[in-house]
Amino acid sequence: MVLASPTPLRNEKILTLDIPIIDLSAERSTVSKLIVKACEKFGFFKVINHGVSYETIVKMEAESLNFFAKPAIEKQAAGPPNPLGYGCKTIGFNGDMGEVEYLLLGTDPSSIDIKSKFISTDPKKFSSALSGYVEAVRDLACELLDLMAEGLWVQDRSYFSRMIRAVDSDSCFRLNHYPPVITKDSALTTRVGFGEHSDPQILTVLRSNAVDGLQISLDRDVWIPVSPDPAAFCVNVGDVLQAMTNGRFVSVRHRALSNTSKARMSMAFFGAPSLTAWVSCPPEMVTESSSSPSLYRAFTWAEYKAVAYSLRLGDSRLELFRNCTHERDDTIAAQQKVA
């Protein structure tokens, strides 16, 4: 159990909206258009008939729950998170706090094998479950990215997905566990489990147990609850994909809440490029005219990652990589208009 901090959530507006649910078994061109629309409006959607087997999911969930059920001293043997490993409450390098314990893991086979020895009493079983799950959700992420490219009329359909498929991809996998929160005030039934943030990577594929808590925000202090769905994966756009689509897709801000009655667990695959990969728009997303100028300068994932991890949770990051040339052009145009 986690003892809640005395600070309640600030006054916020909760808005109920229908989150897009996309059936991947539908006609491909239709699916592609629906995904693009969801990424533009929400930066977030759910997918059903996704092709990840029930057996693969159940095995990973069972191994995850077994780990978090261990005594604290045994879980700490898998940490500290620097950056991979077990952590509790301190979410990021910069002291971001939340009512959460987590396990952050790499996705390459050698990293999985090494870490499994400190996570499970049956390392081969854990390693097999994790490797099978990562492979399945990576394939799903790549398929979604290919569908996005098609919907955006990008000639190179693998422009986005090949960055995740690269052998030196910096993708990672994270297990979050939010224990029930003990509070002296019965009226305060929720606390922030994982604070407001956007994901810095390309794409996130998330699954959680049947407990509420995930929320997305399209406007400041306005939150949209995302209901849990055992048949679906949640998918959200990351900062890198927003930059690669020249701002057409939205890297959605989101958070997770803990509650007093039930534990919540989520499993998230973060698809990322290799550290040396250059992030830039495909040519179809940029024009020389003022209608679609390049909004972000080219940068490496290592460069952006360093900035992302140096800031506090919730701080703006992508704005630091705005294309200064076009910002200067916009300023000049505005000054001329005023004159």
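Each value, and the rule that gives it
- Residues numbered from 1 in each chain as written.
- Predicted model: local features only at pLDDT ≥ 70, side-chain atom pairs only at ≥ 80, totals over all residues.
- Heavy atoms only, no water.
- Helix = DSSP H or I, 4+ residues; strand = E, 2+ residues; numbered from the N terminus.
- Contact = heavy atoms within 4.5 Å.
- Salt bridge = Lys/Arg side-chain N within 4 Å of Asp/Glu carboxyl O.
- Buried < 20%, exposed > 50% of the residue type's maximum accessible area, 1.4 Å probe, protein only.
- Axes fitted to C-alpha atoms, helices over the stretch in contact; angles between N-to-C directions.
- Parallel < 35°, antiparallel > 145°, perpendicular 65-115°, else oblique.
- Nonpolar A, V, L, I, M, F, W, Y, C, P; charged D, E, K, R; others polar.
- Polar contact = N/O pair within 3.5 Å; in protein donor to acceptor, adjacent residues only side chain to side chain.

> Please give an account of the environment of Arg253 that cites residues and values.
Note on placement: Arg253 falls in strand S14 (residues 253–259). Note: C-alpha distance between Arg253 and Asp199 (54 residues apart in sequence) is 7.9 Å. In this structure Arg253 touches Glu196, His197, Ser198, Gln215, Ile216, Ser217, Trp223, Gly314 and Asp315, once residues within four positions along its chain are discounted.

> Which residues make up the pattern of salt bridges, and what values do they have?
Counting across every chain of the model gives 15 salt bridges. Measuring nitrogen to oxygen at the nearest pair gives 3.9 Å for the salt bridge that ties Glu99 to Lys89. Here the residue Glu99 occupies a position in strand S6 (residues 97–106), and Lys89 occupies one in strand S5 (residues 85–90), the gap between them amounting to ten residues. The class for Glu99 is buried, based on a relative accessible area of 5%. By relative accessible area, Lys89 is classed as partly exposed at 28%.

> I'd like a description of the packing of helix H1 (residues 28–41) against helix H5 (residues 123–151), backed by residues and values.
Put simply, H1 and H5 touch, their axes get as near as 8 Å, and they point 90° apart. Judged by the inter-axis angle, H1 sits roughly perpendicular to H5. Each of Arg28, Val31, Ser32, Ile35, Val36 and Cys39 in H1 lies in contact with H5, whose residues at this interface are Glu143, Leu144, Asp146, Leu147, Met148, Glu150 and Gly151. Residue composition of the contact of H1 with H5, grouped by class: seven nonpolar, two polar and four charged.

> Could you give an account of the side chain of Ser161, with specific residues and numbers?
Following the sequence through the fold, Ser161 ends up in helix H6 (residues 161–165). The class of Ser161 is buried, set by a relative accessible area of 2%. One polar contact links Ser161 to Asp146, side chain to side chain, over a distance of 2.6 Å. Contacts of Ser161, omitting those with residues within four sequence positions, involve Cys142, Leu145 and Asp146.

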